[in-house]
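Next come the chains, spelled out residue by residue.
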Amino acid sequence: MAGILLALLLRWMLQPLMTEIQALNLHAQNLQDGSFNTSANQLNIRELGSLAETLQSMSAQLRAERASLYQRELLLDTVLQSSPLALVLTDDKDTILMSNPAARQLLTAGSAMEGSKLTQAASKVAVLADAIANKQPGLLRLPEQSVWHLSVNQFKLNHSQHWLYLLKPLTREIQREELTAWKKLLRVIGHELNNSLAPLSSLAYSGQQRAQQLEQTELTSLFETISARATDINQFVQAYIHFAKLPPPTMSTVNWPRLVNQLQNLYEFELLGDLPQRPWQADPGQLHQVLLNLLKNAHESGSPPEHISLRISEQSSQLQITLQDAGGGMSDQQLQHALIPFYSTKVTGSGIGLTLCRDIIEAHGGSINLRNQKAGLEVTLALPAAK
């Protein structure tokens, strides 16, 4: 009888402790399941308070680490989704596990690729398909004269081999380096030609004056021809030197009515839509030069003047200026080379007009795009909004 009473007494005395142990065990299970919201105060722990505080501290630390990990994953995903870097992750069987929008746009025109084979997704671009199949990193020149750098990395994830393919667009960097090299060459050639043209023009002028004094008609005509030709060559050289020494843009608010009126005084075109209402920053003189070059090209394309149009569209992050003509457009080869320095399809063309336009627009942080549209060429300029 006494033993039963003693057992009941012990059970009664140990009941609060057993309750706390069960509560702590439940708290530990919650931590194991990834729930970190239970606190020691909610458990009403007294006897095992030290252990409860330890679990509470562990819960707070795990909760903070999970929140930090979530934020880092969110940041990484945002970077990958908005990055111009094309990223593709595959398993050891070439099955695509993950890709970002840049990769999908490059390989499948934006369609989903997950679950398919990477070599199949890249099969439309032979150069890229061969590089991926051979896992050969390096520079690749893809269609439309775009240049990309492919890097290939192998690593283990969850005890399995994975391959990470990164494609970095280098077209603009390569074009910028090429343009810089051309400008350096132009400055050297321009300097040497100026050194030769100046005395040549002076001698031609002196010879012309002397021939007139001697009443030598043939010599006068000869020196006039030499002088005129020297003047033409000098103007030609100055155009290249101006391109090679293009100053950085001096930004100010563009007066759109004045700019459009100045252009319409020189070339006929139809203005579509309204002029911008927001204050947009650009170098008015350089922007005038760009639009002047484009309008000149449109008129020289054979397009009827009444079919040449200009549209200026405001967007939240950029301004788009679109010039459309009806001159028949360009061939694929011409579109690929149109922005390359010194490339021209005109007999008397210098090949720097469109290159100068690109140089000015990119100096503003924008871009220029050419494409065949309807009956002619469509040129779109994109200028970023001021930060």
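Residues numbered from 1 in each chain as written. Predicted model: local features only at pLDDT ≥ 70, side-chain atom pairs only at ≥ 80, totals over all residues. Heavy atoms only, no water.

## A closer look at the pattern of salt bridges
For clarity, the cut-off: Only one rule defines a salt bridge in this text: a Lys or Arg side-chain nitrogen within 4 Å of an Asp or Glu carboxyl oxygen. For helices the rule is a DSSP run of H or I covering at least 4 residues; for strands it is a run of E covering at least 2, with both sets numbered from the N terminus onward.
All told, the structure shown has three salt bridges when counted by the stated rule. Residues Glu-300 and Lys-296 are paired through a salt bridge, measuring 2.9 Å at the closest nitrogen-oxygen approach. Taken as a pair, Glu-300 and Lys-296 lie in helix 10 (residues 284–300) at a separation of four residues, close to a single helical turn.

## Structural notes on helix 10
Here is the rule we go by: Expected span of a helix: the number of residues minus one, times 1.5 Å. Using a 1.4 Å probe on the protein chains alone, a residue whose accessible area is under 20% of its type maximum counts as buried, one over 50% counts as exposed, and one in between counts as partly exposed. Contacts are assigned to residue pairs that have any heavy atoms within 4.5 Å of one another. Polar contact is defined as a pair of N or O atoms within 3.5 Å, subject to the rule that within protein one atom must be able to donate a hydrogen and the other to accept it, and that residues adjacent in sequence are counted only when both atoms are side-chain atoms.
Given a rise of 1.5 Å per residue, 17 residues ought to cover 24 Å, and the 24 Å separating the end C-alpha atoms of helix 10 matches this to within 8%. Every buried residue of helix 10 is accounted for by Gln-286, Leu-287, His-288, Val-290, Leu-291, Leu-292, Asn-293, Leu-294, Leu-295 and Ala-298. Among the structural elements, helix 9 (256–264), strand 8 (281–282), strand 9 (309–314), strand 10 (318–324), helix 12 (353–363) and strand 12 (376–384) are those in contact with the buried residues of helix 10. Residue Asp-283 occupies the N-cap position of helix 10, its side-chain oxygen lying 3.1 Å from the main-chain nitrogen of Gly-285. Immediately beyond the C-terminal end of helix 10, within one or two residues, lies Gly-302, with a positive phi of roughly 95 degrees.

## Concerning the pairing of strand 12
Note the threshold: Strands were regarded as paired on the criterion that DSSP finds at least two bridges between them.
In terms of burial, strand 12 is a largely internal element, eight of the nine residues being buried. Bridging between strand 10 and strand 12 involves seven bridges; their strand directions are antiparallel. Note on strand 12: the bridge partner recorded for Ile-321 is Leu-381. Between strand 11 (residues 367–373) and strand 12, which pair antiparallel in sequence order, lie two residues; one of them, Lys-374, sits at a positive phi of approximately 60 degrees.

## Quick notes on the packing of helix 9 against helix 10
The line we're drawing: Here, axes are lines fitted to C-alpha atoms. For helices the fit covers the stretch in contact, and angles between N-to-C directions go from 0 to 180 degrees. If you view the pair so one helix is near and one far, a crossing is left-handed when the near helix is turned anticlockwise from the far one by less than a right angle, and right-handed when it is turned clockwise. Throughout, the ten residues Ala, Val, Leu, Ile, Met, Phe, Trp, Tyr, Cys and Pro are labelled nonpolar, Asp, Glu, Lys and Arg are labelled charged, and all others, Gly among them, are labelled polar.
Between helix 9 and helix 10, the shortest axis-to-axis distance is 10 Å and the interhelical angle comes to 35 degrees. Considering how the two elements wind past one another, helix 9 and helix 10 form a crossing that is right-handed. Within the contact between the two elements, helix 9 uses Trp-256, Leu-259, Gln-262 and Leu-263 and helix 10 uses Leu-287, His-288, Leu-291, Leu-292 and Leu-295. Residue classes in the contact of helix 9 with helix 10 are distributed as seven nonpolar, two polar and no charged.

## Details of the nonpolar core
The nonpolar side chains of soluble globular proteins are, as a tendency, buried together. How we decide: Residue types Ala, Val, Leu, Ile, Met, Phe, Trp, Tyr and Cys, when buried and joined through side-chain atoms within 4.5 Å, form a set referred to as a nonpolar core.
Trp-256, Leu-287, Leu-291, Leu-294, Ile-321 and Leu-381 are the most contacted members of the largest nonpolar core, which has 34 residues in total. Those elements that provide at least two residues to this core are helix 9, helix 10, strand 9, strand 10, helix 12, strand 11 and strand 12. Beyond its immediate stretch of four places on either side in the chain, Leu-381 contacts Val-290, Leu-291, Leu-294, Leu-319, Gln-320, Ile-321, Ile-361, Ser-367 and Ile-368. Ranked by size, the runner-up nonpolar core spans 23 residues in total, among them Leu-118, Val-125, Val-152 and Trp-163.

## Observations regarding helix 12
For helix 12, the tally of buried residues reaches eight of eleven residues, placing the bulk of the element in the interior. For helix 12, every residue scored as buried is listed here: Leu-354, Thr-355, Leu-356, Cys-357, Arg-358, Asp-359, Ile-360 and Ile-361. A positive backbone phi angle near 85 degrees is found at Gly-365, which sits one or two residues after helix 12.

## Describing the packing of aromatic side chains
Note the following rule: We call Phe, Tyr and Trp rings a pair once their centres come within 6.5 Å, taking the six-membered ring for Trp, and we label the pair stacked below 30 degrees between planes, edge-to-face above 60, and tilted otherwise. Should the NZ of a Lys or the CZ of an Arg lie within 6 Å of a ring centre and within 35 degrees of the ring normal, that charge is described as sitting over the ring.
Enumeration according to the criterion identifies zero aromatic pairs in this entry. Lys-135 extends its terminal NZ or CZ atom over the ring of Trp-163, reaching a point 4.7 Å from the ring centre.

## Brief notes about the sheet that holds strand 5 (residues 160–169)
Ordered in space as 2-1-5-4-3, the five strands form an open sheet in which the pairing is antiparallel. Unpaired on one side and paired on the other, strand 2 (96–99) and strand 3 (138–142) mark the two borders of the sheet. Neighbour-to-neighbour, the strand axes of the sheet open up by a mean angle of 25 degrees, direction not taken into account. Set on the sheet, helix 4 (residues 101–108) makes contact with strand 1 (86–91), strand 2, strand 3, strand 4 (146–157) and strand 5; between it and strand 1 the angle comes to about 85 degrees. Together, strand 3, strand 4 and strand 5 form the strand contacts of helix 6 (residues 126–133), whose direction differs from that of strand 3 by roughly 155 degrees.

## Digging into the sheet that holds strand 12
Strand order in the open sheet formed by five strands is 7-9-10-12-11, and the pairing between neighbours is mixed. Each end of this open sheet is capped by a strand with a single partner; those strands are strand 7 (270–272) and strand 11. Each strand axis lies, on average, 20 degrees off the axis of its neighbour in the sheet, ignoring direction.

## Quick notes on the environment of Asp-332
Its location among the elements puts Asp-332 in helix 11 (residues 332–337). On the accessibility criterion, Asp-332 (59% relative accessible area) is exposed. Taking C-alpha positions, Asp-332 is 9.2 Å from Asn-372, a pair spaced 40 residues apart along the chain.

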